[in-house]
Structure formats: structure tokens, C-alpha cells
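What the coordinates show
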Amino acid sequence: MSRSVKQRPIITNLNPKSPISEVYRTLRTNIQFSSVDMHYQTLMITSSGPMEGKSTTINNLAVVYAQTNKKVLLIDADLRKPTAHHTFRISNRHGLTDMITNQCSLDMSIKETDIQNLSVMTAGTIPPNPSEILASQKMSGLLEELKEKFDFILIDTPPVLAVSDAQIIATKCDGVILVVDAGRVKREVVLKAKSSLEFVKAHILGVVLNKISQKESVNPYFYYGGEESQ
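Residues numbered from 1 in each chain as written. Predicted model: local features only at pLDDT ≥ 70, side-chain atom pairs only at ≥ 80, totals over all residues. Heavy atoms only, no water.

As annotated in an unreviewed UniProt entry, the protein carries the name non-specific protein-tyrosine kinase and comes from Paenibacillus sp. SYP-B3998. A UniProt comment under Sequence similarities (unreviewed entry) is attached to the protein, and it reads "Belongs to the CpsD/CapB family." Taken directly from UniProt, the Catalytic activity (unreviewed entry) text for the protein runs: "L-tyrosyl-[protein] + ATP = O-phospho-L-tyrosyl-[protein] + ADP + H(+)". (UniProt positions renumbered as here; feature names shortened; annotations may be inferred.)

So this is what it looks like as C-alpha cells:
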């Protein structure tokens, strides 16, 4: 794991009054308004490919949700290249995989962070069969149990087009946010990722356009229902 990943900063925690932190709070508000007729408790964040900013987005969203005095859990369901334990500087000895395979208790798999109201379930042991673990009935049961303990659950997954993991988790979540590197990823790639999620009947709440030039917006930028709002 690279040094830059290990020391990935969370701007909403380090500098909550910064302009970028305000944009993440606006993103939180936009998500809330997109679900005005329903209560979305589980939200999956993914991207079409790697290095588009999905983990940075979910980390900062988790913090701004926790700052509203809600009990928030971030689940690192990227069982292939997990990063949450590095970002939050917590142990990955017991995590999601270990919980699903009965190697630890639920309480052991959930770690408190230095951020008030925010807990993290790390990925845990890297398994040989991530897709099977995420598709299991035990995973579904785990999410239902966690809904009783937390107000809001955010789930980080591998990119949609890399493996089937994101499609699997999408079927178990109330909503999905697709993060897109606006300056690098081609339109047809994003449309393919969108189609892959729609194929499993995922409820796509919107798209976060990341790395937009300052002339257009302070990133990220949230698109929903054909409209956009900063």
C-alpha cells in the first residue's frame, strides 16, 4: 500500500470550515433531498473504474453525516483493495470478512474512530471469494442487524466495471451514488457502469462529478434526475 493511501486526509474532519468541506455538506443535503419521499438508510458509493475518488467521497460523506449527530457506520466492502483501515488508522485484524465467516463477533468487527458518531467496519481478512461473501444471506442479515444499531450506513465497494461486487451490494442497499472523474473517464464508460447498476435494478440516486475545474465548480458536483446543484 502506498504512503499516499496510508495518509489520505479527510478534509471535512481536518478543516470543517473549508470551502471543500462545505461542498460535501451540500452534497449530503442534495442526497437527502433526492430521497425526500423515502428513508434511505444504506447508501453505496462506487465508481466505474479505479482512482476516481469514490473512497475520498465516501470518507468525507461519512464525516459530514456524523457531524449531524447521527450514528454513522462506514463499511469497507472493497474486499480486494481495502483502504478504510489506513485512512482512519484503525486495526484491520477483524472486519467484514471475519464477521461473515464467523471468525469474530459483530462488536469486534466494528471500530470506533476519533470522529464523534462515526464507526468503521473494515474489510478484514482478504478472502479468495469476495463476490460469494458479499452475495451471501449472512451479508444481507448483517445489514439488517446494523440498521438497528446505526442511523446511516455508507458502503464502499470496488469499481462497478472491475468485478461484480458492486452490483451485488447495490441490490442490498437503499440507494447508490456513482462517483465519476469528470476530467478523465469517457462518457461511454460511465454509461456502461450505469447500465450495469440498472441491470440489477439498483436505485441510482445520482452522480458525483469529481475533479471538475474551478471555473466550473468546486468539486465534487452532484447530478440527479438530469438537474445539477453544487
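**Things to note about the pairing of strand E2 (residues 72–76)**
For E2, the tally of buried residues reaches five of five residues, placing the bulk of the element in the interior. Here E2 shows a buried face lined by Val 72, Leu 74 and Asp 76 and a second buried face lined by Leu 73 and Ile 75. Here E2 pairs with strand E4 (residues 118–121) via four bridges, running parallel. Counted as the bridge partner of Ile 75 is Met 121 from E4. As paired strands, E2 and strand E5 (residues 152–156) are joined by five bridges and run parallel to one another. By the bridge assignment, Val 72 is partnered in E5 with Phe 152. (Buried < 20%, exposed > 50% of the residue type's maximum accessible area, 1.4 Å probe, protein only. Helix = DSSP H or I, 4+ residues; strand = E, 2+ residues; numbered from the N terminus. Pairing = 2+ DSSP bridges.)

**What to know about helix H4 (residues 54–66)**
The terminal C-alpha atoms of H4, which comprises 13 residues, lie 18 Å apart, in line with the 18 Å expected from a rise of 1.5 Å per residue. Counting buried positions along H4 gives twelve out of 13 residues, so the element sits mostly inside the fold. Within the sequence span of H4, burial applies to Lys 54, Ser 55, Thr 57, Ile 58, Asn 59, Asn 60, Leu 61, Ala 62, Val 63, Val 64, Tyr 65 and Ala 66. (Expected span 1.5 Å × (residues − 1).)

**A word on the confidence of the model for the protein**
When pLDDT is averaged across the protein, the result is 88; 87% of the residues are at 70 or more. Taken as a whole, residues 1–6 scores under 50 in pLDDT and shows eight contacts with residues more than four places along the chain or in a different chain. Taken together, the stretch residues 224–230 has pLDDT below 50 and engages in 13 contacts with residues farther than four places along the chain or on a different chain. (pLDDT = per-residue confidence, 0-100. Contact = heavy atoms within 4.5 Å.)

**Details of the nonpolar core**
If you look at the biggest cluster of nonpolar residues, it comprises 37 residues, and the most contacted ones within it are Ile 75, Leu 96, Met 121, Leu 142 and Leu 146. Counting only elements with at least two residues in this core, the list comes to E2, helix H6 (96–100), helix H8 (130–135), helix H9 (137–147), E5, helix H10 (165–170), strand E6 (175–181) and helix H11 (187–199). Excluding residues that lie within four positions of it along the chain, Met 121 makes contacts with Leu 73, Leu 74, Ile 75, Asp 76, Gly 95, Leu 96, Leu 106, Ser 109, Ile 110, Leu 142 and Leu 146. Core analysis: the second largest hydrophobic core is formed by 28 residues, Tyr 24, Tyr 40, Ile 45 and Leu 74 among them. (Core = buried A, V, L, I, M, F, W, Y, C linked by side-chain atoms within 4.5 Å.)

**Re the packing of aromatic side chains**
According to the stated counting rule, one finds one aromatic pair in the structure shown. The side chain of Lys 71 reaches across the aromatic face of Phe 150, ending 5.3 Å from its centre. (Phe/Tyr/Trp six-rings, centres within 6.5 Å; stacked < 30°, edge-to-face > 60°. Lys NZ or Arg CZ within 6 Å of the ring centre and 35° of its normal.)

**Things to note about the pattern of salt bridges**
A full pass over the atoms with the stated rule returns seven salt bridges. In this structure, Glu 22 engages Arg 25 in a salt bridge whose closest nitrogen and oxygen atoms are separated by 2.8 Å. In this pair, Glu 22 and Arg 25 both sit in helix H3 (residues 19–34), three residues apart, roughly one turn of the helix. When its relative accessible area of 40% is taken as the criterion, Glu 22 is described as partly exposed. By relative accessible area, which is 18% here, Arg 25 ends up buried. (Salt bridge = Lys/Arg side-chain N within 4 Å of Asp/Glu carboxyl O.)

**Quick word on H9**
Met 139, Leu 142, Leu 143, Leu 146 and Lys 147 are the residues of H9 that are buried. Buried residues of H9, viewed axially, fall in a sector of 140°; they line one side. (Arc of directions from axis to C-beta.)

**What to know about the environment of Thr 101**
In this fold, Thr 101 is placed in the loop between H6 and helix H7 (106–109). Take Thr 101: its relative accessible area is 34%, and that puts it in the partly exposed class. The sequence separation of Thr 101 and Lys 138 amounts to 37 residues, and the corresponding C-alpha distance is 8.9 Å. Of note is the side chain of Thr 101, whose polar atom sits 3.5 Å from the backbone oxygen of Asp 98. (Polar contact = N/O pair within 3.5 Å; in protein donor to acceptor, adjacent residues only side chain to side chain.)

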